[in-house]
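Here is how the chains run, residue by residue.
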There are 2 protein chains.
Amino acid sequence: MTEHPPVFELSPVGRVRNDRHDRSALPHQGRGRDVRSVIELKPRFEPAAREIRPGDLYWVLTWLHLADRDLLRAHPRGDKSRPERGVFSLRSPGRPNPIGLSLVEVTAVSGLRLDVRGLEVLDGTPVLDIKPYVPEADR
Amino acid sequence: MTEHPPVFELSPVGRVRNDRHDRSALPHQGRGRDVRSVIELKPRFEPAAREIRPGDLYWVLTWLHLADRDLLRAHPRGDKSRPERGVFSLRSPGRPNPIGLSLVEVTAVSGLRLDVRGLEVLDGTPVLDIKPYVPEADR
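Residues numbered from 1 in each chain as written. Chains lettered and ligands numbered in written order. Predicted model: local features only at pLDDT ≥ 70, side-chain atom pairs only at ≥ 80, totals over all residues. Heavy atoms only, no water.

Trainee: Quick rundown of the interface of chain A and chain B? Include the residues and the values.
Mentor: Contact residues are listed per partner, giving 57 residues for chain A and 57 residues for chain B. Between chain A and chain B, roughly 5,500 Å² of surface is buried when both sides are summed, and carbon and sulfur atoms account for 56% of that area. The closest approach of N and O atoms between A:Arg95 and B:Asp129, which form a salt bridge, is 2.8 Å. For the pair chain A and chain B, the number of links is 28 residue pairs in polar contact (both at pLDDT 80 or more). Residue assignment for the side of chain A that touches chain B shows that the elements contributing at least two residues are β1 (8-10), α1 (46-49), β4 (57-63), β6 (85-86), β7 (99-110), β9 (126-132) and α2 (135-138) of chain A. For the side of chain A that touches chain B, the element with the most residues is β9(A), which contributes six residues. In the side of chain A that touches chain B, the residues fall into 32 nonpolar, six polar and 19 charged. Sheet analysis places β1(A) next to strand β1 (residues 8-10) of chain B, joined by three bridges and oriented antiparallel. Of the residues in β1(B), the one forming a bridge with A:Leu10 is B:Phe8. (Contact = heavy atoms within 4.5 Å. Buried area = accessible area lost by both parts, 1.4 Å probe. Salt bridge = Lys/Arg side-chain N within 4 Å of Asp/Glu carboxyl O. Polar contact = N/O pair within 3.5 Å; in protein donor to acceptor, adjacent residues only side chain to side chain. Helix = DSSP H or I, 4+ residues; strand = E, 2+ residues; numbered from the N terminus. Nonpolar A, V, L, I, M, F, W, Y, C, P; charged D, E, K, R; others polar. Pairing = 2+ DSSP bridges.)

Trainee: Please set out the relation of the copies chain A and chain B residue by residue, giving values where relevant.
Mentor: By a simple turn and slide, chain A fits onto chain B: the slide is 0.0 Å along the axis, the RMSD is 0.0 Å, and the turn is 180°. Both copies are brought into coincidence by an operation consistent with a two-fold rotation axis. In terms of proximity to the rotation axis, the leading residue of chain A is A:Glu9, whose C-alpha is 2.4 Å off the axis. An overlap of 100% is found between the interface residues of chain A and their copies at the interface of chain B, pointing to a shared contact surface. (Least-squares fit on C-alpha atoms with pLDDT ≥ 70 in both.)

Trainee: Tell me about the pattern of salt bridges, residues and numbers included.
Mentor: Pairing is possible between side chains of opposite charge, provided their charged atoms come close. Applying the stated criterion across every chain yields a total of 20 salt bridges over all chains. A salt bridge links B:Glu40 to B:Arg17, with the nearest nitrogen and oxygen atoms 3.8 Å apart. One end of the pair, B:Glu40, is in strand β3 (residues 36-41); the other, B:Arg17, is in strand β2 (residues 14-17), and 23 residues separate them in sequence. Take B:Glu40: its relative accessible area is 39%, and that puts it in the partly exposed class. Here B:Arg17 falls in the partly exposed class, since its relative accessible area comes to 35%. Three or more residues are tied together by salt bridges with common partners; here these are A:Arg17, A:Glu40 and A:Asp123. (Buried < 20%, exposed > 50% of the residue type's maximum accessible area, 1.4 Å probe, protein only.)

Trainee: Summarise the side chain of A:Glu51; cite the residues concerned and give the values.
Mentor: Note on placement: A:Glu51 falls in the loop between α1 and β4. A relative accessible area of 14% means that A:Glu51 is categorised as buried. Only 2.7 Å separates the side chain of A:Glu51 from the side chain of B:Arg73, close enough to count as a polar contact. At a separation of 2.7 Å, a polar atom in the side chain of A:Glu51 contacts the main-chain amide nitrogen of B:Gly86. For A:Glu51, the residues in contact, after removing those within four places along its chain, are A:Asp56, A:Tyr58, B:Arg73, B:Glu84, B:Arg85, B:Gly86 and B:Ser89.

Trainee: So what about the sheet that holds strand β2 (residues 14-17) of chain A? Which residues, and what values?
Mentor: Residue and element names in this part refer to chain A. The six strands lie next to each other as β2-β3-β8-β7-β4-β9, forming a closed barrel whose pairing is antiparallel. Taking the axes of each pair of neighbouring strands and ignoring which way they run, one obtains an average angle of 45° across the sheet. In this sheet, β9 lies alongside β4 in antiparallel orientation, the contact comprising five bridges. Pairing of Val-60 across the sheet is with Ile-130, part of β9. (Axes fitted to C-alpha atoms, helices over the stretch in contact; angles between N-to-C directions.)

Trainee: Tell me about the sheet that holds strand β4 (residues 57-63) of chain B, and name the residues and values.
Mentor: All names here are of chain B. The strand order around the closed barrel built from six strands is β2-β3-β8-β7-β4-β9, with neighbouring strands paired in antiparallel fashion. Mean inter-strand twist for the sheet, computed between neighbouring axes without regard to direction, equals 45°. As paired strands, strand β7 (residues 99-110) and strand β8 (residues 113-117) are joined by five bridges and run antiparallel to one another. Its bridge partner lying in β8, Ala-108 is registered against Asp-115.

Trainee: Can you break down the pairing of β8(B) residue by residue, with the values?
Mentor: Residues and elements named next belong to chain B. As paired elements, β3 and β8 share five bridges and run antiparallel to each other. When the sheet's bridge partners are listed, Arg-36 is paired in β8 with Arg-117. In textbook terms, the turn of a hairpin is the stretch between consecutive antiparallel strands, and for β7 and β8 this stretch comprises two residues, one of which, Gly-111, has a positive phi near 60°.

Trainee: Tell me about the packing of aromatic side chains, and please be specific about residues and values.
Mentor: Counted by the stated rule, this structure contains five aromatic pairs over all chains. Measuring from centroid to centroid gives 5.0 Å for A:Trp59 and B:Trp59, while their planes differ by 70°, and the two rings are edge-to-face. One end of the pair, A:Trp59, is in strand β4; the other, B:Trp59, is in strand β4, on a second chain. Chaining the aromatic ring pairs together yields one cluster made of A:Trp59, A:Tyr133, B:Trp59 and B:Tyr133. (Phe/Tyr/Trp six-rings, centres within 6.5 Å; stacked < 30°, edge-to-face > 60°.)

As structure tokens, this is what we get:
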């Protein structure tokens, strides 16, 4: 019998704008604290974002649209001198469900536009969700 | 003109098993460190999980399948004495793309079965992704 796994559908709530236009411009995980980006939210999600304030820390979940979804093992940071690891033990984009997780600091808010620092993704990356950083749950 | 936003498809890599069968059994975010759960991975994802070890900290991304996706504002922890906030400033399940984010400690690994502590979701919740906790990126 063919397996028909359930499929869930996501639709972006916004999009990232920054000056990173190809992968070579991206720092590796945890080394991109200074990347400045703008999250442009779709107008209908404005009520969901109304309490976001400059200085706050948020998780941003993104859809890593260029990622290889068939990848199960890879060299850490693409360094072939290091042994391969399973993608569930790597933070690289290639994975079955390529959802990016980035901790950002909000630096400015203007209507549907959130200026953030620390979002290590390419220009045009779809945003799926935004969640507050909660110290007692997240460390 | 009608807007046709892009849609992305997710398929679970596994499922959560625990003794939480309804929402009243769930602690609020950050208060469920002692919930014990098992993540049952699908066989084809074994290569992706091979380096996961007891004692390690991982992020588990889940699909909160019972969540209200139309919710944009809600009372924190459902407490109507507190003012409503946008869901992007809440960690509650109801949100446009209901992806759960939980920091867990792996307590045992046996083939496709990961025993974890701290996964505050209901029995049967689909698992979307597993990522290592990276202190320099995540705090």
